[in-house]
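Structural characterization, general
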Amino acid sequence: MSGRLVSRVVHVDTGALSLLITNYFLSLISVAVIEGFGINIIRVILVTGLAALNIMSLIRVHLSLISRARLRDYLLLLVNILPYAALLIRLGTWLLIPAVLLLLFIIEALRGNGRSIIANVSGTALIASTYLAWYVLMGGELMGRVIMASLVWIIYHTFSALYVEGKLPFRQGVKPYHSSLLWFVSLPTLIYGLLINSGLLSLAVLIEPSLRALIAVREGKLPMGDLRRRIRRIGIGLLFESLALAILVLLLIYALA
């Protein structure tokens, strides 16, 4: 019994929680910078409630879906995602990104593969997509530079999640360099979009992940010994890198406001 409890506690992804919290403040500050005194307080309060609901319940829902899902778990998931239907009016085709990610995760969960590479990577990318969702729901103007910031944010965290999966010794189907391939394939689109919408200075947000992708090309799997500590160390490093990227994104938005 105690072993099962330890496993469940360990599986609660503190990275997912920290990403949700970071997304909330990133969205809020982005709206405050762009909208200034025109910020809609009512919208902000409502989105704060939605963010709190997601932060408090999505991890629990995830644990249930990947283990022994019941009807109430699917209902709780529906309660969490239903408010995002309001985005159908504002986001249009951009809504396809989180919709596809959500579909991938649900399919894997229904197949009993809720801890698979696809589920973990798509789930992380889905969480990252809440930045743009919360920004729009708060009343932020949907403009090119914010869309590109969101795209960088999503691809960056997809890259990071795939990197972690590639480092795990028991993940035989993926290696660290696969995350590098994902980043470098995406890089031309990111460079073009940032240059068009935000200018040359905006390319600074791509420097750190590009260097890390280069390093990852030559990296191998983690050894099994002391694996939990090694994974925790990687997670802490990725958290600080994610926060650094968030600061760069905000500086970019502020400079162009």
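Just so we're clear, the structure is a prediction, and the values are computed from it rather than from any experiment.

**A few points about the packing of aromatic side chains**
For the structure on display, the rule yields three aromatic pairs. A centroid spacing of 6.4 Å and a plane angle of 70° characterise the contact between Tyr24 and Trp134, whose relative ring orientation is edge-to-face. Taken together, the positions of Tyr24 in helix H2 (residues 14-35) and Trp134 in helix H8 (residues 130-137) put the pair 110 residues apart, joining distant regions of the chain. The pair Tyr24 / Trp134 is uniform in exposure class, with both members buried. Ring centres of Phe159 and Trp183 lie 5.6 Å apart, and the angle between their planes is 45°; on these two criteria the pair is classed as tilted. Here Phe159 is found in helix H9 (residues 144-167), whereas its partner Trp183 is found in helix H10 (residues 176-198), with 24 residues between them in sequence. A relative accessible area of 0% means that Trp183 is categorised as buried. A network of ring pairs unites the aromatic residues Tyr24, Phe25 and Trp134 as a single cluster. One cation-aromatic arrangement involves Arg212 over Tyr163; the distance from NZ or CZ to the ring centre is 5.8 Å.

**Considering the packing of H9 against H10**
Axis separation between H9 and H10 bottoms out at 9 Å; the angle between their running directions is 170°. By the angle between their axes, H9 is roughly antiparallel relative to H10. Of the residues belonging to the contact of H9 with H10, the class tally is 13 nonpolar, eleven polar and two charged.

Each value, and the rule that gives it
Residues numbered from 1 in each chain as written. Predicted model: local features only at pLDDT ≥ 70, side-chain atom pairs only at ≥ 80, totals over all residues. Heavy atoms only, no water. Phe/Tyr/Trp six-rings, centres within 6.5 Å; stacked < 30°, edge-to-face > 60°. Helix = DSSP H or I, 4+ residues; strand = E, 2+ residues; numbered from the N terminus. Buried < 20%, exposed > 50% of the residue type's maximum accessible area, 1.4 Å probe, protein only. Lys NZ or Arg CZ within 6 Å of the ring centre and 35° of its normal. Axes fitted to C-alpha atoms, helices over the stretch in contact; angles between N-to-C directions. Parallel < 35°, antiparallel > 145°, perpendicular 65-115°, else oblique. Nonpolar A, V, L, I, M, F, W, Y, C, P; charged D, E, K, R; others polar.

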